[in-house]
Amino acid sequence: MTTLRAFTCDDLFRFNNINLDPLTETYGIPFYLQYLAHWPEYFIVAEAPGGELMGYSATALMLCMFTVMGKAEGSVAREEWHGHVTALSVAPEFRRLGLAAKLMELLEEISEKKGGFFVDLFVRVSNQVAVNMYKQLGYSVYRTVLEYYSASSGEPDEDAYDMRKALSRDTEKKSVIPLPHPVRPEDIE
């Protein structure tokens, strides 16, 4: 049985197969440590029954790993206090099993308990598999952020969708009313 638990510092040395996936945004160790220190309740990992992180093949068993990393941010006074999904990653061989949906559900529950108005995330416009998954989970495109993702190898930068899902505190669903025009990364608070 898969176990969901809090991410620990030791896990930083055990999830490379996930971080090296081309669809996963990667960060430096100080970035992960900052999240772990400030928002530990938003940093969740799954473990296989033998204790290995899921996604690794340490024995004859095929194991998989998935993580979700988020934070709480924004202003309560302006009704912008919310949960933010910084990273959601599932090992390629274990996608389409509902693992990402379960992690998103946990992050949404934490955001509800913290009094958030909504949960948001950024996703590459080209990642239609992820965009469709988030739509199935109740997220909608709030705005397009131009050139949000830096490109490599001389490619142009890529746009992102800022997708949102209103939580129960946003009774009028103001947080998910789409903006009529795209924004630039420097325009995001």
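Residues numbered from 1 in each chain as written. Predicted model: local features only at pLDDT ≥ 70, side-chain atom pairs only at ≥ 80, totals over all residues. Heavy atoms only, no water.

The name an unreviewed UniProt entry gives the chain is N-alpha-acetyltransferase 20, with Notiomystis cincta as the organism. The UniProt entry for the chain carries the following comment under Sequence similarities (unreviewed entry): "Belongs to the acetyltransferase family. ARD1 subfamily." (UniProt positions renumbered as here; feature names shortened; annotations may be inferred.)

The buried fraction of strand β2 (residues 43-47) amounts to five of the five residues, a majority that puts the element mostly inside the structure. As paired elements, strand β1 (residues 3-6) and β2 share four bridges and run antiparallel to each other. Bridging from a neighbouring strand, T3 pairs with E47 of β2. (Buried < 20%, exposed > 50% of the residue type's maximum accessible area, 1.4 Å probe, protein only. Helix = DSSP H or I, 4+ residues; strand = E, 2+ residues; numbered from the N terminus. Pairing = 2+ DSSP bridges.)

With that settled, consider a nonpolar patch on the surface. Together, F13, I29 and L33 make up an exposed nonpolar region whose accessible area comes to about 300 Å². Of note, F13 is situated in the loop between β1 and α1 (16-19). (Patch = residues over 30% accessible without salt bridge, like charges linked within 9 Å, V, L, I, M, F, W, Y side chains within 5 Å. Areas by Shrake-Rupley, 256 points an atom, 1.4 Å probe, with all protein chains shown as cover. Salt bridge = Lys/Arg side-chain N within 4 Å of Asp/Glu carboxyl O.)

In total, this model carries three aromatic pairs according to the counting rule given. Seen in terms of ring centroids, F122 and Y148 are 4.7 Å apart; in terms of plane orientation they differ by 15°. Their pairing is stacked. Taken as a pair, F122 in strand β5 (residues 118-124) and Y148 in strand β6 (residues 140-149) lie far apart in primary sequence, 26 residues in all. Residue class for F122 comes out buried when judged on its relative accessible area of 17%. (Phe/Tyr/Trp six-rings, centres within 6.5 Å; stacked < 30°, edge-to-face > 60°.)

Looking at where H82 falls in the secondary structure, it is placed in strand β4 (residues 82-90). A distance of 2.6 Å separates the side chain of H82 from the backbone oxygen of E80, its partner in a polar contact. Of note is the side chain of H82, whose polar atom sits 3.4 Å from the side chain of D120. (Polar contact = N/O pair within 3.5 Å; in protein donor to acceptor, adjacent residues only side chain to side chain.)

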